[in-house]
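Architecture at a glance
In case you want the letters, here they are:
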Amino acid sequence: MKPHIHTITELAIFTAIAFIFSYIESLFPLPIPFPGIKLGLANLVIVLVLYKYGFCQALTVSIVRGLLNAFTFGSLFGFLYSLAGSVLSLIIMNLLKNKNRLHISAFGVSIAGGITHNIGQFAVAAWLVGPSAILPYFPFLYFSGLIAGGLIGAFVLLCRQRIPLFSSTN
């Protein structure tokens, strides 16, 4: 089925917003002694798109945003880290979102996404440099994913309650 032109336009706008959020976040790094840990503001957009449109559209927005970041500010390795984290987290979030009998809210789905995003990035790093070199870093990645996922999840709930575009989503 061919996507509606309004859907394509909205997804392009969401991609641009996610890209801008990534850029803004890069201007203000968190004062933490561990490199690469950030809130992941772009994930707010990705989770909202996941709930409004579904997995394929959220994956598309996420990949296009990752490519834009890589071409504009990053590198191929940065894109690989982003891609691994994005794909793994979107698969898990989509599975949890669609398990209605578990009654997991967007808050819980986002927490799972934050944790699995970092696990995906950890897996790429382990593949590139070896697991023993980065294993001590894993607990910090886990808890940063938990905290960032929780904060993003809280923002997702607020957006779904207060922004009409997202209020009638599943």
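Residues numbered from 1 in each chain as written. Predicted model: local features only at pLDDT ≥ 70, side-chain atom pairs only at ≥ 80, totals over all residues. Heavy atoms only, no water.

What to know about the overall build of the protein chain
Keep this limit in mind: A run of DSSP states H or I qualifies as a helix once it reaches four residues; a run of E qualifies as a strand once it reaches two. Both are numbered from the N-terminal end. For a compact globule the rule gives 2.2 Å times the number of residues to the power 0.38, and the radius of gyration it is set against comes from C-alpha atoms. Any residue under 20% of the maximum accessible area for its type is buried, any over 50% is exposed, and the rest in between are partly exposed; the area is computed with a 1.4 Å probe on protein chains only. Contacts between residues were defined by any pair of non-hydrogen atoms, one from each residue, lying within 4.5 Å. Surface exposure here means Shrake-Rupley accessible area, sampled with a 1.4 Å probe, where a residue is shielded only by the protein chains that are shown.
Within the protein chain one finds eight helices and zero strands. In the protein chain, the succession of α and β elements from N to C terminus is α-α-α-α-α-α-α-α. At 16 Å, the protein chain has a C-alpha radius of gyration in line with the 15 Å of a compact globule built from 170 residues. Relative to its full complement of 170 residues, the protein chain shows a buried share of 39%. Taking as baseline every contact in the protein chain between residues at least 6 positions apart, the subset at least 24 positions apart corresponds to 72%. Of the roughly 9700 Å² of accessible surface on the protein chain, a fraction of 73% belongs to carbon and sulfur atoms.

Details of a nonpolar patch on the surface
Rules: The patches described consist of residues with a relative accessible area above 30% and no salt bridge, like charges being joined within 9 Å and nonpolar side chains (Val, Leu, Ile, Met, Phe, Trp, Tyr) within 5 Å. The term salt bridge refers to a pairing of a side-chain nitrogen on Lys or Arg with a carboxyl oxygen on Asp or Glu at a separation within 4 Å.
Residues Tyr142, Phe143, Leu146, Ile147, Leu151, Phe155 and Leu158 make up a contiguous nonpolar surface patch of roughly 620 Å² in combined accessible area. The residue Leu151 is located in helix H7 (residues 138-162) in this model.

A short note on the packing of aromatic side chains
The line we're drawing: Note on aromatic contacts: the rings of Phe and Tyr and the six-membered ring of Trp form a pair at centre separations within 6.5 Å, being stacked when their planes are under 30 degrees apart, edge-to-face when over 60 apart, and tilted otherwise. Comment: the charge-over-ring label is applied if NZ (Lys) or CZ (Arg) is within 6 Å of the ring centre and within 35 degrees of the ring normal.
Applying the stated rule across the entire model yields five aromatic pairs. A centroid spacing of 5.2 Å and a plane angle of 90 degrees characterise the contact between Tyr142 and Phe143, whose relative ring orientation is edge-to-face. Using a relative accessible area of 49% as the deciding quantity, one classes Phe143 as partly exposed. Ring pairing ties together the aromatic residues Phe19, Tyr23 and Phe73, which thus form one cluster. Cation over ring: Lys52 sits above Tyr53, and NZ or CZ is 5.4 Å from the ring centre.

Describing the nonpolar core
Rules: Put simply, buried Ala, Val, Leu, Ile, Met, Phe, Trp, Tyr and Cys residues joined by side-chain atoms within 4.5 Å make one nonpolar core.
Core analysis: the biggest nonpolar cluster contains 24 residues, and Phe14, Val49, Leu90 and Val156 have the highest contact counts within it. Broken down by element, this core gets its largest block of residues, nine residues, from helix H2 (residues 42-52). Counting residues in hydrophobic clusters, the runner-up holds six residues, among them Ile37, Phe122, Ala125 and Ala126.

Section: the packing of H2 against helix H3 (residues 55-72)
Let me state the cut-off plainly: Every axis in this analysis is a line fitted to C-alpha atoms, fitted for helices over the stretch in contact. Angles between the N-to-C directions lie between 0 and 180 degrees. Should an angle lie under 35 degrees it is considered roughly parallel, over 145 roughly antiparallel, and from 65 to 115 roughly perpendicular; all remaining angles are considered oblique. We call a crossing left-handed when the near helix sits turned anticlockwise from the far one by less than a right angle, and right-handed when that turn is clockwise. Residues are grouped as follows: Ala, Val, Leu, Ile, Met, Phe, Trp, Tyr, Cys and Pro are nonpolar; Asp, Glu, Lys and Arg are charged; all remaining types, including Gly, are polar.
Direction vectors running N to C along H2 and H3 enclose 155 degrees, while the axes themselves pass 7 Å from each other. Taken together, the axes of H2 and H3 are roughly antiparallel relative to one another. The two elements H2 and H3 meet at a crossing, and its hand is right-handed. Of H3, the residues touching H2 (which contributes Ala42, Ile46, Val49 and Leu50) are Phe55, Gln57, Ala58, Val61, Ser62 and Arg65. Looking at the contact of H2 with H3 residue by residue, the classes come out as seven nonpolar, two polar and one charged.

Looking at H2
The element H2 is largely enclosed, with a buried count of nine among its eleven residues. All of the buried residues along H2 are Ala42, Leu44, Val45, Ile46, Val47, Leu48, Val49, Leu50 and Tyr51. Just beyond H2, the residue with positive phi is Gly54, at close to 125 degrees.

Observations concerning the confidence of the model for the protein chain
To keep things clear, this is the line we draw: Confidence of the predictor at the level of single residues is captured by pLDDT, which takes values from 0 to 100.
On average, residues of the protein chain carry a pLDDT of 89, and 95% of them reach 70 or more. Predicted confidence in the protein chain is weakest over helix H8 (residues 164-167), with a mean pLDDT of 75, and strongest over H2, with 96.

Describing helix H5 (residues 106-129)
Inclusion rule: A helix is expected to span 1.5 Å for every residue after the first.
End to end, H5 covers 34 Å across 24 residues, agreeing with the expected 34 Å (1.5 Å per residue, within 8%). At the exit of H5 stands Gly130, carrying a positive phi of roughly 95 degrees.

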